[in-house]
Amino acid sequence: MRRRTPRPTRTRKLTSTVLAAAAALGLGIALAAPVPQPARAEPPAAAATDYCRGQCSDILPPGATGNATLADILANRVLGTHPEHSTDQLGPYGNLASGYPTLTDDKLNGFFNDSSFGVPADQVASVTNPRDDVTITRDKKTGVPHIQGTTREGTEFGAGYAAAQDRLWLMDLFRHVGRGELTPFAGGAPANQGLEQDFFRQAPYTEEDYQAQIDYILSHGGERGRQALADAQAYVDGINAYAKKSKDGRYFPGEYVLTGHIDAITNAGEIQPFKLTDLIALASVVGALFGNGGGGEVEGALSLLAAQQKYGLAEGTKVWESFRERNDPEAVLTVRDGSFPYAGKPAAPKGTALPDSGSVTPEQLVHDREGGAATKARTQVKAPKSALEPLRGIYDDGVLPRDLFSRKKGMSNALVVSGKYTRSGHPVAVFGPQTGYFAPQLLMLQEIQGPGISARGASFAGVGMYIQLGRGQDYAWSATTSAQDITDTYAVELCSPDGSAPSKDSTYYRYRGDCVPMDKLERRNAWKPTLADSTAAGSYRMQVYRTKYGLVTHRATVGGKPVAYTMLRSTYRHEADSIIGFQMLNDPGYVTDAKSFQSAAQHINYTFNWFYADSRQTGYYNSGLNPVRAADVDSSLPVKAETAYEWRDFDPKDNTSAATPPAEHPQSIDQDYYISWNNKLAKDYSAAGFGNGSVHRGNLLDDRVRALVREGGVTRSALTRAMAEAAVTDLRGEDVLPELLKVVRSGPIDDPQLATAVTQLDSWQSAGSQRHETSAGSHTYGHADAVRVMDAWWPLLVEAEFKSGLGDGLYDALRANLSVDESPSAGHGPTGSHAGSSFQYGWWSYVDKDLRTVLGEDVKGPLARPYCGGGQLTACRDALLTSLKAAVGKTAAQVYPGDDNCSAGDQWCADAIIQRPVGGLTHDKISWQNRPTFQQVVEFPAHR
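Residues numbered from 1 in each chain as written. Predicted model: local features only at pLDDT ≥ 70, side-chain atom pairs only at ≥ 80, totals over all residues. Heavy atoms only, no water.

End to end, helix H4 (residues 152-178) covers just 28 Å across 27 residues, shorter than the expected 39 Å (1.5 Å per residue, more than 12% under). Where H4 bends most, the angle comes to about 90 degrees, and this point is arginine 167. The buried fraction of H4 is high, at 26 of 27 residues. A positive phi of about 70 degrees marks glycine 180, the residue just after H4. (Helix = DSSP H or I, 4+ residues; strand = E, 2+ residues; numbered from the N terminus. Expected span 1.5 Å × (residues − 1). Bend = angle between axes of the 7 residues up to and from the residue. Buried < 20%, exposed > 50% of the residue type's maximum accessible area, 1.4 Å probe, protein only.)

The next point concerns the sheet that holds strand S17 (residues 475-481). Reading across from one edge, S5-S6-S7-S14-S15-S16-S17-S25-S26-S28 is the order of the 10 strands in this open sheet, with mixed pairing throughout. The strands lining the two open edges of the sheet, one partner per strand, are strand S5 (124-131) and strand S28 (667-669). Across this sheet, the average inter-strand angle for adjacent strands is 20 degrees, counted without regard to direction. Where strand S15 (residues 453-460) and strand S16 (residues 469-471) come together, 3 bridges link them in antiparallel fashion. (Pairing = 2+ DSSP bridges. Axes fitted to C-alpha atoms, helices over the stretch in contact; angles between N-to-C directions.)

Moving on to the pairing of strand S11 (residues 413-417). The buried fraction of S11 amounts to 5 of the 5 residues, a majority that puts the element mostly inside the structure. Burial along S11 is two-sided: the residues Asn413, Leu415 and Val417 and Ala414 and Val416 are all buried. Here 5 bridges tie S11 to strand S12 (residues 428-432), and the two strands are oriented antiparallel to one another. Across the sheet, valine 417 pairs through a bridge with valine 428, a residue of S12. In this sheet, strand S29 (residues 673-676) lies alongside S11 in antiparallel orientation, the contact comprising 4 bridges. Of the residues in S29, the one forming a bridge with valine 417 is tyrosine 673.

What follows covers the state of the cysteines. The full count for this structure, using the stated rule, is 4 disulfides. Disulfide pairing is shown between cysteine 52 and cysteine 56; the S-S distance is 1.8 Å. Given an S-S torsion of about 80 degrees, the disulfide between cysteine 52 and cysteine 56 has right-handed geometry. We classify cysteine 56 as buried; its relative accessible area is 1%. Covalent S-S linkage joins cysteine 495 and cysteine 515, the inter-sulfur distance amounting to 2.1 Å. On the S-S bond that ties cysteine 495 to cysteine 515, the torsion sits near 100 degrees, and the link is right-handed. Of this pair, cysteine 495 sits in strand S18 (residues 487-495) while cysteine 515 sits in strand S20 (residues 514-517), and the two are 20 residues apart along the sequence. Overall, cysteine 495 belongs to the buried group, its relative accessible area being 3%. Overall, the relative accessible area of 25% leaves cysteine 515 in the partly exposed class. (Disulfide = S-S within 2.5 Å.)

Here we take up the packing of helix H7 (residues 207-220) against helix H8 (residues 222-249). For the pair H7 and H8, the least separation of the axes is 6 Å and the interaxial angle reads 140 degrees. Classified by the angle their axes make, H7 and H8 are oblique. Mapping the contact onto sequence places Ile214, Ile217, Leu218 and His220 in H7 and Gly222, Gly225, Arg226 and Leu229 in H8. Tallied by class, the residues present in the contact of H7 with H8 amount to 4 nonpolar, 3 polar and 1 charged. (Parallel < 35°, antiparallel > 145°, perpendicular 65-115°, else oblique. Contact = heavy atoms within 4.5 Å. Nonpolar A, V, L, I, M, F, W, Y, C, P; charged D, E, K, R; others polar.)

The next thing to look at is the environment of glycine 499. Considering the arrangement of structural elements, one finds glycine 499 in the loop between S18 and strand S19 (508-511). In this structure the C-alpha to C-alpha distance between glycine 499 and cysteine 515, which are 16 residues apart in sequence, comes to 8.9 Å.

What follows is about helix H12 (residues 313-324). Helix length check: H12, at 12 residues, gives a terminal C-alpha distance of 16 Å against a target of 16 Å (1.5 Å per residue), a fit within 8%. Buried residues of H12: Gly316, Val319, Trp320, Glu321, Ser322, Phe323 and Arg324, and no others. Where the residues of H12 are buried, they touch helix H11 (297-311), helix H20 (784-806), helix H21 (808-817) and helix H22 (844-854).

With respect to the element layout, arginine 226 can be found in helix H8. Owing to a relative accessible area of 41%, arginine 226 belongs among the partly exposed residues under this scheme. It is 29 Å that separates the C-alpha atoms of arginine 226 and lysine 245, two residues lying 19 residues apart in sequence.

To continue, consider unusual backbone geometry. Note the cis peptide between proline 61 and proline 62, where omega equals 0 degrees. Its place among the elements puts proline 62 in the loop between strand S2 (56-59) and helix H2 (70-79). Backbone torsion omega between alanine 439 and proline 440 reads 0 degrees, so that peptide bond is classified as cis. With respect to the helices and strands, proline 440 occurs in the loop between strand S13 (438-439) and strand S14 (443-450). Even without a glycine there, the phi angle at asparagine 267 is positive, about 70 degrees. Positionally, asparagine 267 belongs in the loop between helix H9 (255-258) and helix H10 (276-290).

This next bit is on the confidence of the model for the protein chain. Looking at the protein chain as a whole, the pLDDT averages 94, with 94% of positions reaching at least 70. Considering only residues more than four positions removed or in separate chains, one finds that residues 40-45, a stretch of pLDDT under 50, has 16 contacts. (pLDDT = per-residue confidence, 0-100.)

One way to put it is that H8 packs onto helix H13 (residues 579-586) with a least axis distance of 9 Å and a crossing angle of 85 degrees. Viewed along their axes, H8 and H13 adopt a mutual orientation that is roughly perpendicular. Here Arg224, Gly225, Gln227, Ala228 and Asp231 of H8 come into contact with H13, specifically with Ile579, Ile580, Gln583 and Met584. Among the residues making up the contact of H8 with H13, the classes are represented as 4 nonpolar, 3 polar and 2 charged.

This paragraph deals with the environment of arginine 456. Take arginine 456: it is sitting in strand S15. With a relative accessible area of 3%, arginine 456 lands in the buried category.

Pairing within the open sheet is antiparallel, and its 6 strands lie in the order S4-S2-S32-S12-S11-S29. Of all the strands in the sheet, the pair left with one neighbour each is strand S4 (113-114) and S29. As judged from the 3 bridges shared by S12 and strand S32 (residues 935-938), these two strands associate in the antiparallel manner. Each bridged residue has a counterpart across the sheet, and for valine 430 the counterpart in S32 is valine 937. Its contacts with the sheet put helix H16 (residues 716-727) on S11, S12 and S32, and the angle it makes with S12 is roughly 35 degrees.

A few words on the pairing of strand S7 (residues 145-149). Consecutive side chains along a regular strand alternate between the two faces of the sheet. Burial analysis of S7 places 4 of its 5 residues in the buried class, the great majority of the element. Where strand S6 (residues 134-139) lies against S7, 5 bridges are found, and the strand directions are antiparallel. Residue pairing in the sheet places threonine 135 in a bridge with glutamine 148 of S7. Between S6 and the antiparallel strand that follows it, S7, lie 5 residues; glycine 143 among them carries a positive phi value of about 75 degrees.

Turning to the pattern of salt bridges, a few remarks are in order. Inspection of the entire model under this criterion finds 57 salt bridges. One salt bridge in this structure joins lysine 885 and aspartate 751, with 2.7 Å as the shortest N-O distance. Here aspartate 751 lies in the loop between helix H18 (737-744) and helix H19 (752-766) and lysine 885 lies in helix H23 (residues 873-888), a separation of 134 residues in the sequence. Among the residues examined, aspartate 751 registers a relative accessible area of 24% and is labelled partly exposed. (Salt bridge = Lys/Arg side-chain N within 4 Å of Asp/Glu carboxyl O.)

Quick look at the structure:
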């Protein structure tokens, strides 16, 4: 595996430096052509009044510039240089991990950018006019595009042009991911194969499906829908204008050369023009990554069966429900007043379709593997220039993480305090999405000002017609993933068209009494080796069967009859509908207060928690296309595919059904404070997955913000400090270790080695259970031994506590529902290892509830039975000490085994955040911190 160690950062402007470097490396002058620098000019007149008055800030590492020419990439890999503004936000972002304790309001913009509207005259770096009715002004400090149009069409054209300037390669990648065609575009690396397979399994669309989404918006979206598609077309036109100009001028992204799309010498080749349907493909990727919720009913059914086999039907069901924690009374809530019942457990479930034991088999996706799809063979192609040899194989590990779509992901956090409890009397918010760390980033910063649009913030690259998370003239908003259950599994009865007995492999099924054929959706992909990806030439065919009840995921028998389990998601074939809600959020004529903000969010069908702050109000609304289920259906388990158990008013033609009305979604205005870190939304609003109980990373925010509110006088810096402290805190150490220490100290500890470890853990816990450097840049943790012991001990103690009581089968089945650990050094999260986001998924609540039960403490919503030591404190203590002894015996190299970026035993490096190279540039590591990727700090002192 090719080692990818980022080089030291050396930022420079695109001037003679890179030309000289390229010439020295043997590249011709055409290949080294710098991006043209527009003439400097005064910025246009301000398009909108900015009511934040210098009190709004944001940050998005590593930097605004996300395109790099071939010469830029080569210089980065050989000399360690970076194109201007490609890495300048990484340092301030990373420095907050050590700088937050002394943070004050006047120091905020040392760690964030001033996100005021416009660009002061003395800060203008460049002005571009891609057409007469739009201007793109970039500032000196960050290079963020400020787009101002005099017409609506020109404004959106400029947004597309600026997006292509900053993210053309990334947008191209993701439109091919959305179409299930990543390998033909970027190479056949195993990671690329796996990624496109995971996505095609979730959203196997045809060109007709993409067009159908456009047609649906036109026919159902009214005037706003028509305007949205006109905006999208102008945006596409802007993308294509820049793509053509950069191709003709030979300053296009260098990755096109490295992946064989454009000839390095002759410039022959093409950047395929974008189409409106490409934006639908991009929107489907965003929806699958961040706006989905539910699913996993087959896996849940398997663990339920394992529990029933272990304990019997009644007791096994009770045990399973206690681990399911769908409505745990001890869970931290975002909305603390009121009840919002949804997806709860019926008293007498109907239509449940549990599989027969041992009958479940996953549906085969990949067929007909050939060449590099069947072997690990590599083929080296000749480099067009010997100077390009340093770039050979940069995508041998893929352009994106293999499991980008298959991993469970918890993303984003929010802290919002009502003006009643702030020093100024105005609300304060610190919030943003946790979308992983990529280079270039999946999001891009921009300001858009034009008729009916006035906003600054972040948008997903390729669908940035509007700001998706950011601020308007006198209000700001953000979102966290809520992931409520909008996906169900149906057991579709299989049949044979000739009336004979069907097999599990039948491609015919019963729909409302008729035996009908499944639709077969196929994609045949082939690739050739390139300089960037040496995977040998190969091909394969992906195949998904689609029924009127969704996509086939598994085969099984239920009561001896063969069935296909299908996945039905309410947003399937409707990912693009949310464009109308985002349009409203950008419209200053629509959003004027918290109520109108909630109304806009109602038009977004992704499963998000939306937060709002202006100078007077705070607000919250949970969006999502929540289907109205048939009475007494348990959505946590597979359901029979019969009319009686369908979603209300279900119409498979466009995959539509009745949705729960807005009043039934969790919502609130002017609560004393709001926190969210993908925790439980509200009372009776059932969690879609396992493990949302007494200990959740949301507690790290809730405890700190509650204390600030109790004291009063909250400031922007105080709220940022609360976020930043939570971001370097180990959830296990803060909220579970106290119970662990109580148990192990319930008797004398005679073993000196164990006594030392317990003292170290206690000292670490008393100091705050944090994982941060002794001083900035030391690359050494305070309480390093305690952190190492905790990392080694957790998986061992969970097994010691639960495995003997649950038995191997049930223990493994429950681990399939919820991973045991998600520490910073684990290979988890949106980008695999070095991903930042931590402690979302784990057995924290199970350990906490079980130990408190064994200790005789009050537990609301306990597990169905005690497990540690069979409920006996002495036996529990012995089990924990035995596992601690094993943990203490592990060396640092065993706990942190090393990878392509870190030496074995390097604790700091194992945790460190690395910007995953999606393009050709690499970046320095930064210290671990568990915080949003894009983040805003806002406090509006005035309102329109």
